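# Structural description and commentary
For reference, the chains in residue letters:
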Amino acid sequence: MHVAVKIAGTLIVGTALGLAVTWFVTGRGGMGDNVVDGVWKTSLVTGSPQSDPYTRARVALHGLLALNRNETIYYTATEDSDGAKLDGKCRYDIQGRDPNARWWSITAYGSDDYLIPNSGNLYSVSQTSVRRQKTGVFQIAVGGAAAPAESTNWIPAGDGAFSLTLRLYNPGPDVALDPEHAVLPALKKVSCP
Amino acid sequence: MNERAQEWVFWIAATILVAMIVHLGSLYILPRVVMMRAFDRLGAVNAMHVGRRPTAASRAIVRPSPDIVYASCPYDLTKGPLRVTAPVIHTSYWSISAFDANTNNFFVKNDQQTPADSVELIVVRHGQAWPKLDTAVERVILFSPSEKGLILIRAVVDDDKHLPAVEAALHQARCGTVASAPKLR
C-alpha cells in the first residue's frame, strides 16, 4: 500500500475515533456524575473555572449557564432506585422532606434536554408549589399516562426516556460541603404499563 | 517481530495518537462552540434580553427552569467596557451572574448578598480602563477572562401571581457599552 494512503487512513480513522470518544464521554452522565447520592448525581465543579475539561464539556451540552455549587447544586437522576432508565410511560414516586436549601425545585426533561410538552403545562414541583402532608413529608407522582388525583403532586414525563433535575438554590453549608450525604427525596418506580 | 508486524504496530500507534489529539482538541473547543451558538440565539450583543417564563417551546438554552424568568446580555468588550444595571428582586431568589466564552461561571451575586435595590456591574478586560461614574448604587467591577461572555439574571417565580412584577423588574435591567449606557438618574 502506498504510504500516502496509510497516512490518510490513519488520519481518517484517528479523527473518527477521537470524535466518537468525545461524543461517548460527553453524551452520558448529565452535568457530571462524580458525586452520587442515591439516584441523584452531581459534580462538585459544575460551573466553576476549576472544572475539568470533561465536566465543562458535559455542562456545556446538558446544563449550559449552570451556577457554581455555593449558589445552586444541580442533581440529576436518569435512573430509578433499581438502576433502570427512567421512562415516561412508567409511574414513579418521589418521597421526602424539604432538602436543606433556600429554595428547591424538581423538573422533568426529555432526552433532548428540553421541557416535555404536556396539556397542563406541568413541568416541575417546587418548594412553594408542593403539597405536603401534615408531617412535612411530600409525595410527587412522576410520569405515567393518566393524571393522578387532583390533590396529588404530579410531573408528567412524556412517553419516552427522561431525566429529572433537582435544583437546590443557596444550599445549606453542610449540603454545599458534602453533597454526597445530603438528605434528598427518594425516587422509586411504582408501575409500568 | 517481523517487519510487517512492526509496520502494523506503527500505524496503529499513529492512529491512536491522532484519536487522542482529536479527542482532547474537540473536548477543548466544544464549550466554546456551544457558547457561541447560544450567543447567536440570544440576540444582539451588549443589550439586555428578557425571556418569557420557559415552557416546552423554549429551546434557546438546554434544561431551562420553568420556575425562573431569565434575562440575558451577551457581551463583547472589544468596543469598550460593559455597564449593566439591574433592579434587585428581594421577594424570592434572584441572582446576577457572568459566564466567560469557555462557559465558566466567573461571577455570581444573589439578592441576599445585595441589600441595595439595584446593582451595577462594570465588566472590563484586564488592563482596560473604565470611566469613573458618579452613581450611588452598589457597583461591582468585574474582570472578564474573555472578550465575549454573557450576563445572566435569574428570578424565581415562586407563585404565578408574582410573575407580572418579576417580569416588570427584569425589563428595567439595562446593558450596554459604557459610552452608550443610559445615565441612572
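Check the entry above for the structure.
Residues numbered from 1 in each chain as written. Chains lettered and ligands numbered in written order. Predicted model: local features only at pLDDT ≥ 70, side-chain atom pairs only at ≥ 80, totals over all residues.

Tallying secondary structure elements over chain B gives two helices and nine strands in all. Helices and strands in chain B line up, N terminus first, as α-β-β-β-β-β-β-β-β-α-β. In terms of overall dimensions, chain B is more spread out than a globule: its C-alpha atoms have a radius of gyration of 22 Å, far above the 16 Å expected for 185 residues. In terms of its C-alpha atoms, chain B occupies a principal-axis envelope of roughly 80 × 40 × 30 Å. Out of the 185 residues belonging to chain B, those deemed buried represent 36%. Here the analysis covers contacts within chain B between residues at least 6 apart in sequence; of these, 66% occur between residues at least 24 apart. (Helix = DSSP H or I, 4+ residues; strand = E, 2+ residues; numbered from the N terminus. Rg over C-alpha atoms; globule rule 2.2 N^0.38 Å. Buried ≥ 20, exposed ≤ 12 C-beta atoms within 10 Å, placed from the backbone. Contact = placed C-beta atoms within 7 Å.)

This paragraph deals with the pairing of strand S4 (residues 91–96) of chain A. All names here are of chain A. Note: S4 against strand S7 (residues 138–143), six bridges, orientation antiparallel. Bridging from a neighbouring strand, Ile94 pairs with Ile140 of S7. Relative to strand S10 (residues 186–191), S4 is paired through five bridges, and the arrangement is antiparallel. Paired with Tyr92 across the strands is Lys189, a residue of S10. (Pairing = 2+ DSSP bridges.)

Attention now moves to the packing of helix H1 (residues 3–27) of chain A against helix H1 (residues 3–42) of chain B. At their nearest, the axes of H1 of chain A and H1 of chain B sit 7 Å apart, and the two run at 45 degrees to each other. In terms of their interaxial angle, H1 of chain A and H1 of chain B are classed as oblique. As H1 of chain A packs across H1 of chain B, the resulting crossing turns out to be right-handed. Each of Lys6, Thr10, Leu11, Val13, Gly14, Thr15, Leu17, Gly18, Leu19, Val21, Thr22 and Thr26 of chain A in H1 of chain A lies in contact with H1 of chain B, whose residues at this interface are Trp11, Ala14, Thr15, Val18, Ala19, Met20, Ile21, Val22, His23, Ser26, Leu27 and Leu30 of chain B. Its residues placed into classes, the contact of H1 of chain A with H1 of chain B shows 14 nonpolar, nine polar and one charged. (Axes fitted to C-alpha atoms, helices over the stretch in contact; angles between N-to-C directions. Parallel < 35°, antiparallel > 145°, perpendicular 65-115°, else oblique. Left-handed = near helix turned anticlockwise from the far one by under 90°. Nonpolar A, V, L, I, M, F, W, Y, C, P; charged D, E, K, R; others polar.)

Counting residues at the interface gives 43 residues for chain B, matched by 50 residues for chain A. For the side of chain B that touches chain A, the elements supplying multiple residues, two or more each, are H1, strand S4 (94–100), strand S5 (105–110) and strand S8 (148–156) of chain B. Take the side of chain B that touches chain A: its biggest share by element is 17 residues, from H1 of chain B. Taken together, the residues of the side of chain B that touches chain A sort by class into 26 nonpolar, 12 polar and five charged.

Once that is clear, we can look at the nonpolar core. Inside soluble globular proteins, nonpolar side chains tend to come together where they are buried. Counting residues in each nonpolar core, the largest one holds 78 residues, and the members touching the most others are Ala108 of chain A together with Ile151, Ile153 and Ala155 of chain B. Apart from residues lying up to four places away in sequence, Ala108 of chain A is in contact with Ile116, Tyr123, Val142, Ile155, Ala157, Phe162 and Leu164 of chain A. (Core = buried A, V, L, I, M, F, W, Y, C linked by C-beta atoms within 7 Å.)

What follows is about unusual backbone geometry. Residue and element names in this part refer to chain A. Positive phi, close to 45 degrees, is recorded for Asn170, a residue that is not glycine. As for its placement among the helices and strands, Asn170 is situated in strand S9 (residues 162–171). When the 21 C-beta atoms within 10 Å are taken as the criterion, Asn170 is described as buried.

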